[in-house]
Amino acid sequence: MNDVPDGTRREDVAGLDPDTIPWPSDTDTVLPTGLIDPAVSADLMWLRYWAGGTATFHALGFREAAELLAPRVGYGPGQEDALVYPFAYCWRHHLELRLKMLIAEAAGYLDEALPAKVRKDLSRSHDLAKLWGYCRPLLERVDQRDSSALANENIERLLTELNWLDPHPGIAFRYPTATDGSTPTLGGIDHLDVESFHKACLGLSNALSGWSDMIVEWRSAAPSGAELGTL
């Protein structure tokens, strides 16, 4: 172990002074403390049981995080460019969750059981193109209007672009290298247009959420025996 020069504190050599930069203390914990204060605690029980289930709020939480980060990415010192990784990942993960929810909702509306392979991929796959491949045929049976078909074309194009950015699904914005440990993720991309990326993801989110809201509304309004997609 390297010796610290005489008269120099080891924490100064590391650039971390515990008097000004907090280190873990013997009273710190990441576990629940029993404190119930809306100002400083998150009500997970409310999210789980009373607010539509955790899937909905997981998706909404990642979108909210992306929207909060968007104004700060790339504005200021170079260090703020690093915010592009959590920003883009939050958007990507939000869209993955929305797709998985929508597949289940559309199948439920059509009163169909999902094949075993699809159910497996809903729990394991992060491939946006594959998930959309399951989702789109269901949506096209829910609503056969031309306007919906055009919207689906734009959804597919943008999800395909996201898969091009992230060819090892779910890896590119989380890790500097692919699963082989050596291939750089995002290696062929020098700049990301944050405004354009944000706008596209916002539109995707709105479209997938719109589909979900429409299915819920149609399902609640459909009379017994009504033909699908004709309300």
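The rules we used
Residues numbered from 1 in each chain as written. Predicted model: local features only at pLDDT ≥ 70, side-chain atom pairs only at ≥ 80, totals over all residues. Heavy atoms only, no water. Helix = DSSP H or I, 4+ residues; strand = E, 2+ residues; numbered from the N terminus. Contact = heavy atoms within 4.5 Å. Areas by Shrake-Rupley, 256 points an atom, 1.4 Å probe, with all protein chains shown as cover. Buried < 20%, exposed > 50% of the residue type's maximum accessible area, 1.4 Å probe, protein only. Arc of directions from axis to C-beta. Expected span 1.5 Å × (residues − 1). 1 Å grid on protein atoms, 1.4 Å probe; cavity = no way out; pocket = protein on both sides within 12 Å on 5 of 7 lines; lining within 4 Å. Points joined across faces, edges and corners; volume = space filled by probe spheres on them. Nonpolar A, V, L, I, M, F, W, Y, C, P; charged D, E, K, R; others polar. pLDDT = per-residue confidence, 0-100. Axes fitted to C-alpha atoms, helices over the stretch in contact; angles between N-to-C directions. Left-handed = near helix turned anticlockwise from the far one by under 90°.

A. Quick peek at the overall build of the chain. When its secondary structure is counted, the chain shows eight helices and zero strands. In sequence order, the chain lays out its α and β elements as α-α-α-α-α-α-α-α. Sequence separation of at least 24 residues holds for 64% of the intrachain contacts in the chain that already meet a minimum separation of 6. Summed over all atoms, the accessible surface of the chain reaches about 15000 Å², with 57% contributed by carbon and sulfur.

B. Just helix α5 (residues 116-124), in detail. Where α5 is concerned, the buried positions are Val 118, Asp 121 and Leu 122. Relative to the axis of α5, the buried residues are bounded by an arc of 105° and lie together on one face. When the buried face of α5 is taken as reference, the exposed residues oriented beyond 90 degrees from it are Ala 116, Lys 117, Ser 123 and Arg 124. Structurally, α5 contributes buried residues whose contacts are with α4 (84-109) and α6 (128-142).

C. The arrangement of α4 in detail. The end-to-end C-alpha separation of α4 is 37 Å, in line with the 38 Å expected for 26 residues at 1.5 Å each. Burial runs high along α4: 21 of the 26 residues are buried.

D. Fine view of the layout of surface pockets. Of the pockets and cavities examined, the largest pocket occupies roughly 440 Å³. If you trace the largest pocket, you find 14 residues lining it, with Pro 32, Leu 35, Ile 36, Ser 41 and Ala 42 closest to the centre. Along the lines of polarity and charge, the residues of the lining of the largest pocket split into nine nonpolar, three polar and two charged. Counted as a void, the second largest pocket has a volume near 330 Å³. Taken together, 15 residues make up the lining of the second largest pocket; nearest its centre are Val 84, Tyr 85, Asp 190, His 191 and Leu 192. Residues that form the lining of the second largest pocket fall into these classes: ten nonpolar, three polar and two charged.

E. Seen up close, unusual backbone geometry. A positive phi is found at Asp 111, a non-glycine position, where the angle reads about 60°. Tracing the sequence through the fold places Asp 111 in the loop between α4 and α5. Within the chain, Leu 186 stands out as a residue other than glycine whose phi angle is a positive 55°. As for its placement among the helices and strands, Leu 186 is situated in the loop between α7 (146-165) and α8 (194-221).

F. Quick peek at the confidence of the model for the chain. When the pLDDT values of the chain are averaged, the result is 85; 85% of them are 70 or greater. No element of the chain has a lower mean pLDDT than helix α1 (residues 10-13), at 52, and none a higher one than α4, at 96. Long-range and interchain partners of residues 225-231, a stretch whose pLDDT sits below 50, account for twelve contacts in this model, where long-range means more than four residues apart.

G. Layout of the environment of Glu 64. Along the chain, Glu 64 falls in helix α3 (residues 54-69). Spatially, the C-alpha atom of Glu 64 lies 8.6 Å from that of Cys 90, the residues being 26 residues apart in sequence.

H. Broad picture of the packing of α4 against α6. Where α4 contacts α6, the axes come no closer than 9 Å and their chain directions differ by 35°. For the pair α4 and α6, the sense of crossing is left-handed. Between α4 and α6, the residues in contact are Arg 92, Glu 96, Leu 99, Lys 100, Leu 102, Ile 103, Ala 106, Ala 107 and Tyr 109 and Leu 128, Leu 131, Trp 132, Tyr 134, Cys 135, Leu 138, Leu 139 and Val 142, respectively.

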